[in-house]
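Structure at a glance
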Amino acid sequence: MRRQLQTLFQRKFKVSLLFLLLLALLVHLAMDLALPTAHGSCGCDAKAPKASGVPSGNSVLAGPKKLSLRILQDFSGSNGSLEKGSQLQGARLQARDGKPGVRHQRGEGKAGQIEGSKLAALFEHPLYNIPMPEVTEKDKLFVVNPMEKFSLRSSGSDEWVSSSKAETLLPTGKTAYDTYPTWLKFHVGINRYELYPRRDPLMPTLLRDLATQRIVSSVQKSGGTQLKLIMTFPNYGQALFKPMKQTRDQETPIDFFYFSDFERHNAEIAAFHLDRILGFRRIPPVSGRLVNITREIRDITTDKKLAKTFFTSPAGNVCFYGECSYYCSTEHALCGKPDRLEGSMAALLPDKTLAKRRSWRSPWRRSYHKSKKAEWELNPNYCAQVRETPPYDRGHRLLDLIDMAVLDFLMGNMDRHHYETFEKFGNDTFLLHLDNGRGFGTHSRDEPSILAPLRQCCSIKKSTYLRLQLLATQPYRLSDLLREALATDPLAPILAEPHLRALDRRLGKVLVTVGRCLAGAARRDEVLVDDVGSWV
């Protein structure tokens, strides 16, 4: 009798427990159905549609005298952060694409403070949206055949697919422009007025490609005083690699001459972003990259001279030094940890056989001598001579040179002996700000002689001056903007904090120099040359 009662009790207990569990499940379902769904309450940004680059009817790809795409394809272009994990680098690459990691919301907070991305707010400012002249056919560096597509053979060989064969290999619905790799879109987009657009949807992808694309060839670049490598990607894009030679906190010794200073990889990266923040857009895109010396240089190089310079250091690190005028020796070898080395990867400009460039000697070039001085250092009225000398006697060439002097002063670059322009556009075009590796060498002292063009000529574009004034205000402080821009690079931090603080100090000195010119001028427009009209 007792066993029967126990069995009956156990059965009733199990039934009751199952009933309670079922009741709890029903209550949860009822609550879920009763609560309303609020999709917009999280404060998250809605996904923006992906930029498609240039629409199918873009004028870049049409017009007379079309250049064969095949030719452009065949001529694609003439270690403090080693402890960081790959996850951190991946997050920075995502931030470049506008993915989670860097906030892009904008808004005015208390006391004029900008909430969210200062950089995004800067590029929305009217001074960064001044209309450009209409780009005509003659203003484009290349006018390519709009029907010719781009592809590699599916077999994996290095041969290009012809237009007719590409039709069968490529997905339908794509325009010819859609088939171009990012580096080719960058080349095709160059025009008389700018190296790349103010709001270039290609820039995040191009920077990511420089940092992540597989390297299939590494050879030493001929010429120059220090070691540089040309690296090639599977899609025939190319980049100029400058290896790390100094740590972030090292300064150029005070007894060094400017022409014997190291070329710094982080200076190339920072110069690109600074040039963009100033509104110039005259430096080709640059990204930092961590390179494996063994797999991505030594094992794949076809450069016999370079190959002979590899060795293993007593510490077991892989090293090499190449051949060049300065610092190419065993004593100045570049060594990995154990074979990983930081460097800058700069997108190459179109090959000179396709887009000829003219090299101009800067009127304010230094003597490159230990004791001699250049004429501009001895003659305070030197600018009067320059104003009478072509091409500085007309147009905006002299003002562009003064823009470049401002850029160089901000980053402390004394090594600006030449500059280049695209020959197709004659004298009426922008200057290319190339080779910036000797910038950001010192932060504790400034070099006022770099500002000689501004000080002696007492002229500056009104747009440049207004932007400099804006960058000296609290909401758009130059150091904050550059810090934000550099934070997305895979090798961040790129600059030590003292270098960023030095930017604000130097910017103040540029504005003081312009102020003195204004105080001594009979008319304001003699100093501030109007290039904005009624826009601001």
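Above this text sits the structure in question.
Residues numbered from 1 in each chain as written. Predicted model: local features only at pLDDT ≥ 70, side-chain atom pairs only at ≥ 80, totals over all residues. Heavy atoms only, no water.

Thoughts on the nonpolar core
- Of all hydrophobic cores here, the largest spans 116 residues; its most connected members are Leu274, Phe320, Trp364 and Phe422.
- Considering every element that reaches this core, the biggest residue donor is helix H13 (residues 397-411), with 9 residues.
- Not counting the four nearest positions on each side in its chain, Trp364 is found in contact with Trp376, Tyr382, Cys383, Val386, Leu398, Leu401, Ala452, Pro453, Gln456 and Cys457. (Core = buried A, V, L, I, M, F, W, Y, C linked by side-chain atoms within 4.5 Å. Buried < 20%, exposed > 50% of the residue type's maximum accessible area, 1.4 Å probe, protein only. Helix = DSSP H or I, 4+ residues; strand = E, 2+ residues; numbered from the N terminus. Contact = heavy atoms within 4.5 Å.)

So, the packing of H13 against helix H17 (residues 497-520)
- At a minimum axis distance of 8 Å, the contact between H13 and H17 shows a crossing angle of 140°. Taken together, the axes of H13 and H17 lie oblique to each other. Judged by the sense of rotation from one axis to the other, the crossing of H13 with H17 is right-handed. Where H13 abuts H17, its residues Val406, Phe409, Leu410 and Met411 lie against Leu503, Arg506, Leu507, Lys509 and Val510.
- Considering only residue class, the contact of H13 with H17 consists of 7 nonpolar, no polar and 2 charged. (Axes fitted to C-alpha atoms, helices over the stretch in contact; angles between N-to-C directions. Parallel < 35°, antiparallel > 145°, perpendicular 65-115°, else oblique. Left-handed = near helix turned anticlockwise from the far one by under 90°. Nonpolar A, V, L, I, M, F, W, Y, C, P; charged D, E, K, R; others polar.)

Details of the environment of Asp393
- With respect to the helices and strands, the residue Asp393 is situated in the loop between helix H12 (382-387) and H13.
- For Asp393, a relative accessible area of 43% puts it in the partly exposed group.
- Leave out the neighbours within four places in its chain, and Asp393 touches Arg387 and Glu388.

Brief notes about the packing of aromatic side chains
- Counting across every chain of the model gives 10 aromatic pairs.
- Where Phe311 meets Tyr321, the ring centres are 6.4 Å apart and the plane angle is 50°; that geometry is what we call tilted. Of this pair, Phe311 sits in strand E7 (residues 311-312) while Tyr321 sits in the loop between strand E8 (318-320) and strand E9 (334-335), placing them 10 residues apart in sequence.
- Phe311 gets classed as partly exposed once you look at its relative accessible area, which sits at 27%.
- Centroid distance Trp364 to Tyr382: 5.6 Å. Interplanar angle 80°. Geometry classified as edge-to-face. With a gap of 18 residues between them, Trp364 in the loop between strand E11 (357-361) and helix H11 (375-378) and Tyr382 in helix H12 connect regions that are remote in the sequence. (Phe/Tyr/Trp six-rings, centres within 6.5 Å; stacked < 30°, edge-to-face > 60°.)

Bear in mind that shape data such as this cannot, by itself, settle questions of function.
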